[in-house]
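# Coordinates in review
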Amino acid sequence: MTVSIMNRLLLIASAFLFTMSIYAQQRPNIILIMSDDHAQQSISAYDTTYIRTPNIDRLANEGAIFENSFCTNSICAPSRAVILTGKHSNINGQVHNGIRFDSSQVTFPKMLQAAGYRTGMIGKWHLQSQPTGFDYWVTMHDQGRYYNPEFIYQNGVTKVEEGYATNLITDKSLQWIDEVSKGGQPFCLLLYHKAPHRNWMPDTADLNLFRGKKYPLPGNFYDSYNGRVAAAAQEMSIAKDMLVTYDLKMYDPAIEDTKWSIRNYVDDYSRFNPAQKAAWDKEYKPVIDQFIKNRPTGKALSEWKYQRYMEDYLRTVASIDKNIGRVLQYLDNHNLANNTIVIYTSDQGMYLGEHGWFDKRFMYEESLHMPLLMRYPGHIQAGTHVMQMVQNLDFAPTLLDFAGVKPDPAMQGVSFKKIVEGKSKKWRDAIYYHYYEYPGFHSVKRHYGVRTDRYKLIHFYYNIDVWEFYDLKTDPHEMHNEFNNPVYAKQINKLKKKLQKLREQYKDTAEDNFRIGGSNSQKGN
């Protein structure tokens with residue numbers, strides 16, 4: 001080979017490498033921040049009733065807020081599996097929490113990794129199997145702990161690390177971004193928080209927040225569940241099922257509670273170092289003393305429990321918001337903001353006293369809704385409000401689309417890239433939902449259903465056969481089951497047909513007669 005030909009080949013190779021380098025730099029970095037059980041109504045970009053969340057709100061102000069973002073199965077592990085795979089629970093296999101996720105499946109991190117992205121997963125994994133498709137990962141065992149948690153590293157090492165989980169997960173995430181962002185490749189990070197999951201243990205730095213604040217009771221806090229058999233059968237009532245010791249930190253020999261509640265609270269309490277314990281006792285000992293002195297009963301006890309729940313829940317939310325601010329500030333300081341997609345979401349919604357409940361699981365609005373906010377400067381116009389009905393099913397194809405990677409054909413979700421960019425309005429007219437974990441913790445019956453922009457049809461099954469229908473325009477809080485109302489007969493028939501088509505589309509027509517064993521965590525995942 002002559003020298004001239006060799007030089008020409010070298011020039012071509014250099015040009016190719018340079019082009020690929022430019023392409024890699026132009027592809028966006030991706031940071032998907034997900035919390036656990038974050039109620040949309042506790043984000044001030046959605047609702048200012050309870051708390052101000054300026055850093056989460058910043059994503060809405062500088063990007064887009066999705067007003068109709070929904071999950072496909074309102075429980076932790078299944079939602080996470082749907083996000084990874086872009087497939088409904090019946091297809092990806094993660095129908096409930098007590099299953100080991102099949103990590104051999106195609107996931108969007110694997111596809112991004114194959115396309116030249118550096119990929120990382122830090123925080124709450126909660127899928128039992130080890131993460132795959134990541135260059136780096138560090139997770140927590142099961143739910144993880146709020147204080148001085150164990151972190152499991154991909155090299156097999158497990159370490160207890162001193163501090164508060166939300167801060168530690170953010171620390172590790174920023175350290176990883178700092179390392180990989182200098183390499184010239186785009187990166188994708190799944191930054192997954194434990195908070196604000198039960199049992200809502202705030203950071204000692206936030207114990208001064210909201211002290212003594214009175215939160216308005218939801219209008220349906222004393223719901224009688226008339227006409228709603230499944231709603232009446234649940235075990236997620238603040239009045240009846242919320243534990244005084246474990247959930248509300250009332251740890252004292254003078255307070256009677258279940259052995260499980262006391263044992264698990266003591267397990268958490270024993271993790272404190274001396275400084276943490278001193279700060280904790282300073283906050284909660286006066287509350288315990290006052291509780292013992294007054295001994296509320298009946299409605300007074302129910303409402304006291306609600307106020308305590310809200311105070312601690314919102315303190316954990318405040319820590320999430322503060323740490324999101326740290327991430328956004330880091331991106332600003334390191335000139336990464338303009339080429340980084342930042343998404344904030346949760347694995348599902350949460351009840352903050354609506355229907356008298358905590359937890360999630362039902363297809364009712366508070367747990368069906370997922371918060372979703374997304375920023376990508378130059379591509380998503382600041383202050384965008386997306387009204388179309390998107391689902392966690394759509395996250396994988398959307399992120400792949402933004403990265404210039406064709407989604408896997410088996411993915412059932414649809415990219416909403418053009419929707420959020422304002423380039424298209426064409427979208428689906430209904431969403432499909434299916435919850436499977438019964439018998440199980442909180443005793444929410446198995447059910448599936450369809451939701452349109454105005455109507456919702458739900459079928460509860462397995463050990464019952466009950467239908468519910470709601471007109472969300474006239475009954476947004478879903479208090480009146482209109483399934484037997486002849487006024488809605490034509491609409492119900494239309495929705496039944498739509499539901500059947502969706503079940504066929506998503507290959508979810510087989511009866512799910514699988515058995516659920518005792519592998520579900522008592523902490524109500």
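Just above, that's the structure.
Below or above, wherever it landed, is the structure these notes cover. Predicted, not measured: the structure shown is a model, and the values here were computed from it. (Residues numbered from 1 in each chain as written. Predicted model: local features only at pLDDT ≥ 70, side-chain atom pairs only at ≥ 80, totals over all residues. Heavy atoms only, no water.)

### A short note on the overall build of the chain
Within the chain, the regular secondary structure consists of 15 helices and 16 strands. By the compact-globule yardstick of 24 Å for 525 residues, the chain fits well, its C-alpha radius of gyration being 24 Å. Principal axes of the C-alpha set define a box for the chain whose edges measure 95 × 65 × 40 Å. Just so you have it, the chain exposes about 21,200 Å², and 52% of that area is on carbon and sulfur atoms. With 62 positive and 56 negative side-chain charges, the chain shows a spacing of 3 Å between the two charge centroids. (Helix = DSSP H or I, 4+ residues; strand = E, 2+ residues; numbered from the N terminus. Rg over C-alpha atoms; globule rule 2.2 N^0.38 Å. Areas by Shrake-Rupley, 256 points an atom, 1.4 Å probe, with all protein chains shown as cover. Lys, Arg positive; Asp, Glu negative; His and termini not counted. Charge placed at Lys NZ, Arg CZ, Asp CG, Glu CD.)

### Observations regarding the layout of surface pockets
Estimated volume of the largest pocket: approximately 430 Å³. What lines the largest pocket is a set of 15 residues, and nearest its centre among them are Gln-40, Glu-365, Glu-366, His-369 and Pro-476. Among the residues forming the lining of the largest pocket, the class breakdown is three nonpolar, four polar and eight charged. (1 Å grid on protein atoms, 1.4 Å probe; cavity = no way out; pocket = protein on both sides within 12 Å on 5 of 7 lines; lining within 4 Å. Points joined across faces, edges and corners; volume = space filled by probe spheres on them. Nonpolar A, V, L, I, M, F, W, Y, C, P; charged D, E, K, R; others polar.)

### Let's talk about the nonpolar core
Formed by 66 residues in total, the largest nonpolar core has its most connected members in Phe-66, Phe-108, Leu-112, Leu-190, Phe-362, Tyr-364 and Phe-416. Leave out the neighbours within four places in its chain, and Leu-190 touches Leu-32, Leu-84, Phe-108, Pro-109, Gly-120, Met-121, Ile-122 and Phe-134. If you look at the next biggest cluster of nonpolar residues, it comprises 48 residues, including Ala-165, Phe-187, Leu-243 and Tyr-330. (Core = buried A, V, L, I, M, F, W, Y, C linked by side-chain atoms within 4.5 Å. Buried < 20%, exposed > 50% of the residue type's maximum accessible area, 1.4 Å probe, protein only. Contact = heavy atoms within 4.5 Å.)

### So, the sheet that holds strand β2 (residues 64-66)
Hydrogen bonds between backbone groups are what pair the strands of a sheet, and the pairing can be parallel or antiparallel. Taken in spatial order, the ten strands make up an open sheet running β7-β6-β5-β4-β8-β1-β9-β10-β2-β11, and their pairing is mixed. Every other strand in the sheet has two partners, leaving β7 (158-160) and β11 (384-386) as the edge strands with one partner each. On average, adjacent strands in this sheet sit at an angle of 15 degrees to one another, irrespective of strand direction. Across three bridges, β2 lies against β11 in parallel orientation. When the bridges of β11 are listed, Phe-66 appears paired with Val-386. Relative to strand β8 (residues 187-192), helix α6 (residues 165-180) is tilted by about 175 degrees, and along the sheet it contacts β1 (29-35), β4 (118-123), β5 (136-140), β6 (150-153) and β8. Along the sheet, helix α13 (residues 395-402) makes contact with β1, β9 (340-346) and β10 (372-375), crossing β9 at roughly 170 degrees. (Pairing = 2+ DSSP bridges. Axes fitted to C-alpha atoms, helices over the stretch in contact; angles between N-to-C directions.)

### Quick word on the packing of aromatic side chains
Tallying each qualifying case throughout the model produces 38 aromatic pairs. Considering the side-chain rings of Tyr-246 and Trp-260, the 5.1 Å spacing of their centres and the 70 degrees angle between planes classify their relative orientation as edge-to-face. In this pair, Tyr-246 is assigned in the loop between α8 (238-241) and α9 (259-269) and Trp-260 in helix α9, connecting sequence segments 14 residues apart. Each member of the pair Tyr-246 and Trp-260 is classed as buried. Taken together through their ring pairs, the aromatic side chains of Tyr-146, Tyr-147, Tyr-164, Tyr-251, Tyr-265, Tyr-269, Phe-272, Trp-280 and Tyr-284 make up a single cluster. Lying across the ring of Tyr-462, Arg-446 places its NZ or CZ 3.8 Å from the centre. Across from the ring centre of Trp-467, 4.6 Å away, lies the NZ or CZ of Lys-496, which sits over that ring. (Phe/Tyr/Trp six-rings, centres within 6.5 Å; stacked < 30°, edge-to-face > 60°. Lys NZ or Arg CZ within 6 Å of the ring centre and 35° of its normal.)

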